[in-house]
Amino acid sequence: MDKILVVQPEKCTGCRTCELVCSYTHTGEINPARARISVFSFERVGFSTPVVCQQCTSAACMAVCPVGAISRDNNGAMVVNHDRCLRCKMCAIACPLGATLYDYVEDKMVKCDLCGGDPACVKLCPSGAISYQDANAANFTKRKDYAARFKDVYEEVG
Amino acid sequence: MKILIDGIEIEAQPGETILEATRRTGIHIPTLCYHEAFGGQGSCRFCMVEVTKNGSSRVVASCTYPVNDGIEVKTSTPQIDKIRRNIAMLLYKRAPNSLFMQTLYKEYLCTENNLVEDPYEKCILCRLCVNACAAMGASAISTVMRGTDKRVATPYDDASAACIGCAACAEVCPTGCIEVQEDNNIRRIWNRDFTMVACEECGKNFATREQLAYIADRSKQEADADELRLCTNCRRKVLARKLETFNG
């Protein structure tokens, strides 16, 4: 794994370009409902953030898959082997971020696969809120910061 | 080792089956009971191919037959086509109620005969559901009885304590013969009623209690973790909202 996807909510403008480009890249149609990334905007306070698979180190989706259909590829992305998949949807229920989804149109489990090492959302994100950066200490810190917020969130409500 | 498939020479690995080697080349061998997750069962015989070695040929099930050096495989011959047509016809006569078999029956140009049909039957006994259940670690269903009475069921058709109501069996079933009924917050499958867990945010029933226990166990999460109380969509939404609160 040379590079990681870094999400910085403070840079997100809520334009949803990533949703569109994601669904177009993967499904050939402009349909945010079929995108692997979702943007949530809170206009009242002017806050937006993309939510996307973080390719967890110990991934819940992989742990619960009964047939080992989810594995890590050379780019560090957790990818689904659709031929092996049973569509039991356990991975979708297990994902703490809700980032593993079932696509009704194609009848398969879908999730961010980092576009095979060249994420389309990163290329078109106008504000740089999603970036694909070298997996060095500084960038890991950024990602940990993002993750830590999630963690705090859970502790807060827990 | 080198093997010849429909005149194309390919490199095969020891231990591989003919079906696996053939699929890599892009040549299609039709299958019914084969699933990549479980490997070949050799039970439907739909993947039969003709194997020739040292001048003598035989018909084998490609999903279980391991490759060996110097074999020549033919995936479609008049004899093979006839075998497939017969299987399609017999399975259709067994399960005429399934759209899957109706399509296959037409596709293989089967001819009408006077075998007795069971108009309600959908199951072709491919055992994919049994394998899926075993893969889930539940093994709640199995084939029962023998011969013409053979079918898939839970022990004595009772509600199985091992079943987690995940419906993986129904998902993997090619003919759609496993019934999953969802009524209000009850999912009924294999004669057992499961109480569905409703998403705390939107109220949608998204999983059975047993499914969540399975996930908590496998992914080492707390059984009552916050994320396991929300459906997939709300998990993202709630997460983003809490981030907002945190930022603000």
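Heads up: the structure comes first, above all this text.
Figured I'd write up the structure that's included with this text. (Residues numbered from 1 in each chain as written. Chains lettered and ligands numbered in written order. Predicted model: local features only at pLDDT ≥ 70, side-chain atom pairs only at ≥ 80, totals over all residues. Heavy atoms only, no water.)

### Section: the overall build of chain B
No. 1: When its secondary structure is counted, chain B shows 7 helices and 11 strands.
No. 2: Over its C-alpha atoms chain B spans a radius of gyration of 23 Å, topping by over 25% the 18 Å that the globule rule assigns to 248 residues.
No. 3: When the 248 residues of chain B are sorted by exposure, 48% land in the buried category.
No. 4: Here the analysis covers contacts within chain B between residues at least 6 apart in sequence; of these, 47% occur between residues at least 24 apart.
No. 5: Within chain B, one finds 31 positive and 32 negative side-chain charges whose respective centroids are separated by 2 Å. (Helix = DSSP H or I, 4+ residues; strand = E, 2+ residues; numbered from the N terminus. Rg over C-alpha atoms; globule rule 2.2 N^0.38 Å. Buried < 20%, exposed > 50% of the residue type's maximum accessible area, 1.4 Å probe, protein only. Contact = heavy atoms within 4.5 Å. Lys, Arg positive; Asp, Glu negative; His and termini not counted. Charge placed at Lys NZ, Arg CZ, Asp CG, Glu CD.)

### Section: the sheet that holds strand E1 (residues 2–5) of chain B
Residue and element names in this part refer to chain B.
No. 1: Taken in spatial order, the 5 strands make up an open sheet running E2-E1-E5-E3-E4, and their pairing is mixed. Because the sheet does not close on itself, it has two edges, and the strands there are strand E2 (8–11) and strand E4 (56–61). Here the strands of the sheet are splayed against their neighbours by 30 degrees on average, with no regard to which way each runs.
No. 2: As paired strands, strand E3 (residues 48–53) and E4 are joined by 6 bridges and run antiparallel to one another. Bridging from a neighbouring strand, Lys53 pairs with Ser56 of E4.
No. 3: Packing of helix H2 (residues 78–94) onto the sheet brings it into contact with E3 and E4, and relative to E3 it is tilted by some 150 degrees. (Pairing = 2+ DSSP bridges. Axes fitted to C-alpha atoms, helices over the stretch in contact; angles between N-to-C directions.)

### Re the side chain of B:Thr208
No. 1: Mapped onto the fold, B:Thr208 is located in strand E11 (residues 205–208).
No. 2: Not counting chain neighbours up to four residues away, the residues in contact with B:Thr208 comprise B:Ile164, B:Gly165, B:Arg187, B:Phe194, B:Thr195, B:Met196 and B:Val197.

### Overview of the pairing of E3(B)
Residue and element names in this part refer to chain B.
No. 1: Of all the 6 residues making up E3, 5 are buried; the element is thus mostly covered by neighbouring parts of the structure.
No. 2: Where E3 folds back on E4, the antiparallel hairpin that results is connected by 2 residues, among which Asn54 adopts a positive phi of roughly 50 degrees.
No. 3: As defined by bridge partners, E3 adjoins strand E5 (residues 72–74) across 3 bridges and the pair is classed as antiparallel. Bridge pairing in E5 links Val51 to Val73.

### What about the pattern of salt bridges?
No. 1: For the coordinates displayed, the defined rule picks out 19 salt bridges over all chains.
No. 2: The partner of B:Glu210 in a salt bridge is B:Arg192, and the shortest N-O contact between them spans 3.2 Å. Of this pair, B:Glu210 sits in helix H6 (residues 209–218) while B:Arg192 is found in strand E10 (residues 192–198), placing the two residues 18 residues apart along the sequence.
No. 3: Overlapping salt bridges, with partners in common, bring together A:Glu29, A:Arg34, A:Asp103, A:Glu106 and A:Lys108 in one network. (Salt bridge = Lys/Arg side-chain N within 4 Å of Asp/Glu carboxyl O.)

### Section: the packing of H2(B) against helix H3 (residues 99–107) of chain B
All names here are of chain B.
No. 1: Remark: H2 packs on H3, axes separated minimally by 9 Å, with the N-to-C direction vectors making an angle of 145 degrees. Of the two possible hands of crossing, H2 and H3 adopt the one that is left-handed. Facing Ala88, Met89, Leu91 and Tyr92 of H2, the residues of H3 in contact are Met101, Gln102, Leu104 and Tyr105.
No. 2: Counted by class, the contact of H2 with H3 contains 7 nonpolar, 1 polar and no charged residues. (Left-handed = near helix turned anticlockwise from the far one by under 90°. Nonpolar A, V, L, I, M, F, W, Y, C, P; charged D, E, K, R; others polar.)

### So, the nonpolar core
No. 1: Core analysis: the biggest nonpolar cluster contains 36 residues, and A:Val67, A:Met109, B:Leu32, B:Phe46, B:Met101, B:Leu104 and B:Ile124 have the highest contact counts within it.
No. 2: At the level of elements, strand E5 (78–80) and helix H3 (90–94) of chain A together with H2, H3 and helix H4 (128–135) of chain B are the ones that each hand at least two residues to this core.
No. 3: Examining the composition of this core, we find that 5 residues originate from one element, H2(B), more than from any other.
No. 4: Shared between two domains, this core holds at least three residues of each, these being domain 1 (2–76) and domain 2 (128–247) of chain B.
No. 5: Ranked by size, the runner-up nonpolar core spans 32 residues in total, among them A:Leu114, A:Ala120, A:Val122 and B:Leu243. (Core = buried A, V, L, I, M, F, W, Y, C linked by side-chain atoms within 4.5 Å. Domains from an automatic or database assignment.)

Any functional reading would require information beyond the geometric quantities listed.
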